Amino acid sequence: MSRTDWAHVDLTKYPNIITTPPGPKSKEWHDRCTKYFKGLSGQVKLFPVAFESGKGCTLRDVDGNDYIDFSSGIYVTTLGHCHPKITEAVQKYAGVLMNAHDFTTPIKTKLMEKLAEVLPGDLSGFQLYDSGTAAVEAGVRVCRAVTGQHEMISFFNDFHGKTYGAVSMGEIRSSVYGATRAPGYHMMPRPNPYRPMWTKCDGSVDTDAYIAFYEEYLGRATAHQVAAIVFEPIQGWGGSVIPPDDFLPKLRAFCDKHKILLMADEVLTSMGRTGKFLCCEHWDVLPDVVTLGKGFGNGFPVTAVAVREPHKESFEAISASSSYGGNPMACAAALACIEVIEEENLLERAVHLEKLAMKYMTEMMTRRKIVGEVRAKGCLMGIEMVKDRATKEPFDEAGKLVYQKAFAKGLAWVPAGHILRMSPPIIMEDEVLIKGLEIIEEAIEETERELA
Ligand SMILES: Cc1ncc(COP(=O)(O)O)c(C=O)c1O
């Protein structure tokens, strides 16, 4: 079956808004649900629609409105909703064997072999989990077991999850009310090309200055017991921020020099989202430890930690297994995802969509003055809204309005604040991607007029 057979979107029918969303049925379901279900994300609060079903790159709400999907859940359904091969794999194992703790099963064996084949270098030791956060925590424990050191360094504006260790590697104030960062966790700035802290004379990012700061920090602020530096290759939650091309190779060299491990949190960026199985491959950087999640199971909760050959046995030291990690349904889903990516040449497709989006968005910058920067790596995309291009002052109000307006026009997505984050499925057809971007531009144009 070819990609278009099952996921073709007829643009004469999509998007199709028959009742201004959130419509009456959405309101009714949302009220019933949220009487009990608490702690909603900002996106849901700003647009409380109730979804009924999804197919490929489209979503339907309970009022019968049809949307184009630029969110993939939350960067999860990289291969679209309900790909027949993935659905069939999960359905099959739901009828065969649901859980066997961490005993060997044929389907897990096949997944292990496939993962070792598609991941770069000697990343060949794996453990499986059921959330990105659990994988991150296990990755940290492996780094400690390998090095015998306990301190961790992470970066400003990166996100790694919401348990205490993971939160201690991110922005603590938004996640754990009243808590302080756990001891032994440090944070450093990382280069954001649009908003650099240190620049060269020509205005470009001075990555050497960042590395020089890290040297100082390591010497003066840590207890010289650093196990690893943890990073997101591209910041997802932080707004699709892509590092300068020379940064990750320099970070790798810095870690090697100081005998510190490099742990890439690829929960969001892996498995085709950016046009490679691992995002780090864009810069030929091989981390020592990597986490995989989100698109790994395309919606089925399965995540992983991968380590390089010399560190494989360190899993023994961390009591690595869990209740749901590596259950047969999860393994079947993850294996099917990798096969779909290969069979349908979807890494290439993600890169193709990146080029298309960048062309559209770059041209859009000549028309829309509140757009400060546009960026994309594969299908991880961002548009930064600013009050003034010279001062680059973030335009949160505009971000919020554009989000709501585009959603009401039939684009389901997950921007945050002044950065319009986009993560369309990598199976998306060219015309559908352009249609989605046109909806966003329309929403920006209206917002410009309204806030002028
Ligand atoms: C880079 C990164 N790491 C870890 C996590 C946590 O994953 P989960 O929500 O599956 O626990 C996320 C979730 O957004 C993420 O983006």
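Residues numbered from 1 in each chain as written. Predicted model: local features only at pLDDT ≥ 70, side-chain atom pairs only at ≥ 80, totals over all residues. Heavy atoms only, no water.

### Regarding the overall build of the protein chain
Then step 1. Counting its regular elements, the protein chain contains 15 helices and 14 strands.
Then step 2. For the protein chain, the C-alpha radius of gyration of 22 Å lies close to 22 Å, the compact-globule estimate for 452 residues.
Then step 3. Here the C-alpha coordinates of the protein chain stretch approximately 60 × 60 × 45 Å along the principal axes.
Then step 4. Considering the protein chain as a whole, with its 452 residues, one finds that 56% of them fall into the buried category.
Then step 5. Nonlocal contacts in the protein chain, meaning residues at least 24 apart in sequence, comprise 74% of its contacts between residues at least 6 apart.
Then step 6. Counting every atom, the protein chain has about 19000 Å² of accessible surface; 53% of that belongs to carbon and sulfur. (Helix = DSSP H or I, 4+ residues; strand = E, 2+ residues; numbered from the N terminus. Rg over C-alpha atoms; globule rule 2.2 N^0.38 Å. Buried < 20%, exposed > 50% of the residue type's maximum accessible area, 1.4 Å probe, protein only. Contact = heavy atoms within 4.5 Å. Areas by Shrake-Rupley, 256 points an atom, 1.4 Å probe, with all protein chains shown as cover.)

### Notes on the site of the ligand
Then step 1. The immediate surroundings of the ligand are formed by S131, G132, T133, F159, H160, G161, E232, D265, V267, L268 and K294.
Then step 2. Separating an oxygen atom of the ligand from a backbone N or O atom of G132 is a distance of 2.8 Å.
Then step 3. Contacts to the ligand include K294, whose side-chain N or O atom sits 3.0 Å from an oxygen atom.
Then step 4. For the ligand, whose accessible area on its own is 390 Å², the fraction buried by protein is 79%.
Then step 5. Residue composition of the shell around the ligand, by class: three nonpolar, five polar and three charged. (Near = heavy atom within 4 Å. Polar contact = N/O pair within 3.5 Å; in protein donor to acceptor, adjacent residues only side chain to side chain. Nonpolar A, V, L, I, M, F, W, Y, C, P; charged D, E, K, R; others polar.)

### Observations concerning the layout of surface pockets
Then step 1. Roughly 400 Å³ of internal volume is contained in the second largest pocket.
Then step 2. Every residue lining the second largest pocket is counted, 19 residues in all, and those nearest its centre are D102, M112, F126, Q127 and F315.
Then step 3. Mapped by element, the contributors of at least two residues to the lining of the second largest pocket are α6 (106-118) and β4 (123-129).
Then step 4. Sort the elements by how many residues they give to the lining of the second largest pocket and β4 lands first, with five residues. (1 Å grid on protein atoms, 1.4 Å probe; cavity = no way out; pocket = protein on both sides within 12 Å on 5 of 7 lines; lining within 4 Å. Points joined across faces, edges and corners; volume = space filled by probe spheres on them.)

### Observations regarding the sheet that holds strand β9 (residues 289-292)
Then step 1. Taken together, the seven strands give an open sheet; going across it, the order is β4-β10-β9-β8-β7-β5-β6, and neighbouring strands pair in mixed fashion. Two strands lie at the open edges of the sheet, namely β4 and β6 (185-188), each paired on one side alone. Pairs of neighbouring strands in the sheet enclose a mean axial angle of 20 degrees, with direction left out of account.
Then step 2. With four bridges connecting them, strand β7 (residues 226-231) and strand β8 (residues 261-266) associate as parallel partners. Residue pairing for β8: F231 is matched across the bridge by A264.
Then step 3. In the packing of α6 onto the sheet, the strands contacted are β4 and β9, and the crossing angle to β4 comes to about 135 degrees. (Pairing = 2+ DSSP bridges. Axes fitted to C-alpha atoms, helices over the stretch in contact; angles between N-to-C directions.)

### Observations concerning the domain arrangement of the protein chain
Then step 1. Per the domain assignment, the segments making up the protein chain are domain 1 (84-343) and domain 2 (345-417).
Then step 2. The straight-line distance from the C-alpha centre of domain 1 to that of domain 2 is 26 Å.
Then step 3. Taken together, the contact between domain 1 and domain 2 spans 21 residues of the former and 19 residues of the latter.
Then step 4. Together, the buried faces of domain 1 and domain 2 total about 1800 Å²; carbon and sulfur atoms form 58% of this surface.
Then step 5. Across the domain 1-domain 2 interface, the total number found is one salt bridge.
Then step 6. Linking E384 and R195 is a salt bridge whose minimum nitrogen-to-oxygen distance equals 2.7 Å.
Then step 7. Linking domain 1 to domain 2 there are ten residue pairs in polar contact (both at pLDDT 80 or more). (Domains from an automatic or database assignment. Buried area = accessible area lost by both parts, 1.4 Å probe. Salt bridge = Lys/Arg side-chain N within 4 Å of Asp/Glu carboxyl O.)

### Side note on the packing of helix α13 (residues 346-367) against helix α15 (residues 430-451)
Then step 1. In contact at an axis separation of 10 Å, α13 and α15 are set at 25 degrees when each is read in the N-to-C sense. By the angle between their axes, α13 is roughly parallel relative to α15. Remark: the crossing between α13 and α15 carries right-handed chirality. Touching R349, H352, L353, L356, A357, Y360, M361, M364 and R367 of α13 are D430, L433, I434, L437, E438, E441, I444 and E448, all from α15.
Then step 2. Split into classes, the residues belonging to the contact of α13 with α15 amount to ten nonpolar, one polar and six charged. (Parallel < 35°, antiparallel > 145°, perpendicular 65-115°, else oblique. Left-handed = near helix turned anticlockwise from the far one by under 90°.)

### A few points about the packing of aromatic side chains
Then step 1. Counted by the stated rule, this structure contains 14 aromatic pairs.
Then step 2. For the ring pair F47 and F407, a centre distance of 4.2 Å and an interplane angle of 10 degrees mean the geometry is stacked. Of this pair, F47 sits in the loop between α3 (42-46) and β1 (51-55) while F407 sits in helix α14 (residues 396-408), placing them 360 residues apart in sequence. Each member of the pair, F47 as well as F407, is classed as buried.
Then step 3. Ring geometry for F51 versus Y67: centroids 5.6 Å apart, planes at 75 degrees, classification edge-to-face. Here the residue F51 occupies a position in strand β1, and Y67 occupies one in strand β3 (residues 66-69), the gap between them amounting to 16 residues.
Then step 4. Judged by relative accessible area, which is 37%, F51 ranks as partly exposed.
Then step 5. A relative accessible area of 0% means that Y67 is categorised as buried.
Then step 6. Grouped by ring-pair contacts, the aromatic residues F47, F51, Y67, Y403, F407 and W413 constitute a single cluster.
Then step 7. We note R367 situated over the ring of Y360; from NZ or CZ to the ring centre the distance is 5.6 Å.
Then step 8. In this structure, K392 is placed above the aromatic ring of Y194, and the distance from its NZ or CZ to the ring centre is 4.5 Å. (Phe/Tyr/Trp six-rings, centres within 6.5 Å; stacked < 30°, edge-to-face > 60°. Lys NZ or Arg CZ within 6 Å of the ring centre and 35° of its normal.)

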